Amino acid sequence: MNRLSRIDARMVAAVAAPGAVALLALLVVLRRQDLLGVVLGLLCVLLAMVAAVAVSAARQRAEPEPTDQPHATAPPDLLPYGIDADTLDALDSRDALRAVRDRGRARGGFSDR
């Protein structure tokens, strides 16, 4: 059995978008307010979502994959003794902050302002 070729995302978008517009026009013209109107409305929303996802997939395929770039970090000279922002944020008591400041003064890294 032959495998069917995959349908291109642009083709799916080209079929789903006019289908959604046609269903919307049909809903506006018929002005149905019964079960059929609800089903047509849901089909319109479904086709619009399929078209949007297909357009997004086509755009993603068209863009080249980004290469992994290492995160830029500050030079080790600027970082105060292995203390990062998360650690300083976790230290919310005055005693803990004072201990960090005293440790920095003892090593000659911090200055009082």
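These figures come from a predicted structure and were not determined experimentally. For every chain, the first residue of its written sequence is number 1, and the numbers climb from 1 along that sequence. In keeping with the model being predicted, local features are shown solely for residues with a pLDDT of at least 70 and side-chain atom pairs are shown and tallied solely at 80 or more, while totals for entire chains, interfaces and linings include all residues. The side-chain quantities take in all heavy atoms of the structure and omit both hydrogens and water.

Caption draft 1: Inspection of the overall build of the protein chain at higher detail. A run of H or I in DSSP becomes a helix once it reaches four residues, and a run of E becomes a strand once it reaches two; helices and strands are each numbered from the N terminus. The helix and strand tally for the protein chain stands at four helices and zero strands. Start at the N end of the protein chain and walk to the C end: the helices and strands fall as α-α-α-α. Type-normalised accessible area, obtained with a 1.4 Å probe on protein chains alone, sets the label of each residue: buried when under 20%, exposed when over 50%, and partly exposed for intermediate values. Buried positions account for 13% of the 113 residues belonging to the protein chain. Taking contacts inside the protein chain between residues at least 6 apart in sequence as the whole, the part at least 24 apart equals 55%. Taken as a whole, the protein chain presents about 10200 Å² of accessible surface, with 60% of it coming from carbon and sulfur. Should any heavy atoms of two residues lie within 4.5 Å, those residues are considered in contact. Reported accessibility uses the Shrake-Rupley method at a 1.4 Å probe radius. Residues are deemed covered only where the shown protein chains occlude them.

Caption draft 2: Highlighting the pattern of salt bridges. One speaks of a salt bridge when a side-chain nitrogen belonging to Lys or Arg is within 4 Å of a carboxyl oxygen belonging to Asp or Glu. Applying the stated criterion to the full structure yields three salt bridges. When the shortest N-O distance is used, the salt bridge between R10 and D8 registers 2.9 Å. Accessibility expressed as a relative area gives 29% for D8, which makes it partly exposed.

Caption draft 3: Looking closely at unusual backbone geometry. Positive phi, close to 50°, is recorded for R31, a residue that is not glycine. Following the sequence through the fold, R31 ends up in the loop between helix 1 (9-30) and helix 2 (35-62).

Caption draft 4: Region of the structure containing the packing of helix 1 against helix 2. Think of each axis as a best-fit line through the C-alpha atoms, taken over the contacting stretch in the case of a helix, with angles from 0 to 180 degrees between the N-to-C directions. It is at 8 Å that the axes of helix 1 and helix 2 come closest, and there the two elements cross at 155°. Between helix 1 and helix 2, the interaxial angle falls into the category roughly antiparallel. Read as a crossing pair, helix 1 and helix 2 show a hand that is left-handed. Residues are grouped as follows: nonpolar covers Ala, Val, Leu, Ile, Met, Phe, Trp, Tyr, Cys and Pro; charged covers Asp, Glu, Lys and Arg; every other residue, Gly included, is treated as polar. When its residues are assigned to classes, the contact of helix 1 with helix 2 shows 21 nonpolar, three polar and one charged. Here the angle decides the label: under 35 degrees means roughly parallel, over 145 means roughly antiparallel, 65 to 115 means roughly perpendicular, and every other value means oblique. Left-handed describes a crossing whose near helix is turned anticlockwise from the far helix by less than a right angle; the clockwise case is right-handed.

Caption draft 5: Fine view of helix 2. Take the residue count of a helix, subtract one, and multiply by 1.5 Å to get its expected span. Relative to the 40 Å expected for 28 residues at 1.5 Å per residue, helix 2 spans 41 Å between its end C-alpha atoms, a close match to the ideal helical length. By the burial criterion, the buried members of helix 2 are G37, L40, G41, C44, A51 and A54. Contacts made by the buried residues of helix 2 are with helix 1.

Caption draft 6: Broad picture of the confidence of the model for the protein chain. Along the chain, pLDDT gives the predictor's confidence residue by residue, from 0 to 100. Mean pLDDT over the protein chain works out to 79, with 65% of the residues at or above the 70 mark. The spread of mean pLDDT over the elements of the protein chain runs between helix 3 (residues 85-90), the lowest at 68, and helix 1, the highest at 94.

Caption draft 7: Inspection of the environment of A57 at higher detail. With respect to the helices and strands, A57 occurs in helix 2. Between the C-alpha atoms of A57 and A9, which are 48 residues apart in sequence, the distance is 6.4 Å.

Caption draft 8: Examining the environment of R59 more closely. As for its position among the elements, R59 is in helix 2. The class of R59 is exposed, set by a relative accessible area of 60%. Along the primary structure R59 and A9 are separated by 50 residues, whereas in three dimensions their C-alpha atoms are 9.2 Å apart.

Caption draft 9: Structural context of helix 1. Taking 1.5 Å of rise per residue, the 22 residues of helix 1 would be expected to cover 32 Å, and the 31 Å separating its terminal C-alpha atoms lies within 8% of that figure. Taken as a whole, helix 1 has its buried residues at A9, A13, A16, A20, L23 and L27. Summarising the axial view, the buried residues of helix 1 lie within an arc of 105°, below the 170-degree limit, and thus occupy one face. Exposed side chains of helix 1 directed beyond 90 degrees from the buried face belong to R10, V15, V21 and V29. Close packing links the buried residues of helix 1 with helix 2. Count one or two residues on from helix 1 and you reach R31, which has phi positive near 50°. Each direction from the helix axis to a C-beta atom contributes to the arc, which is the arc of those directions.

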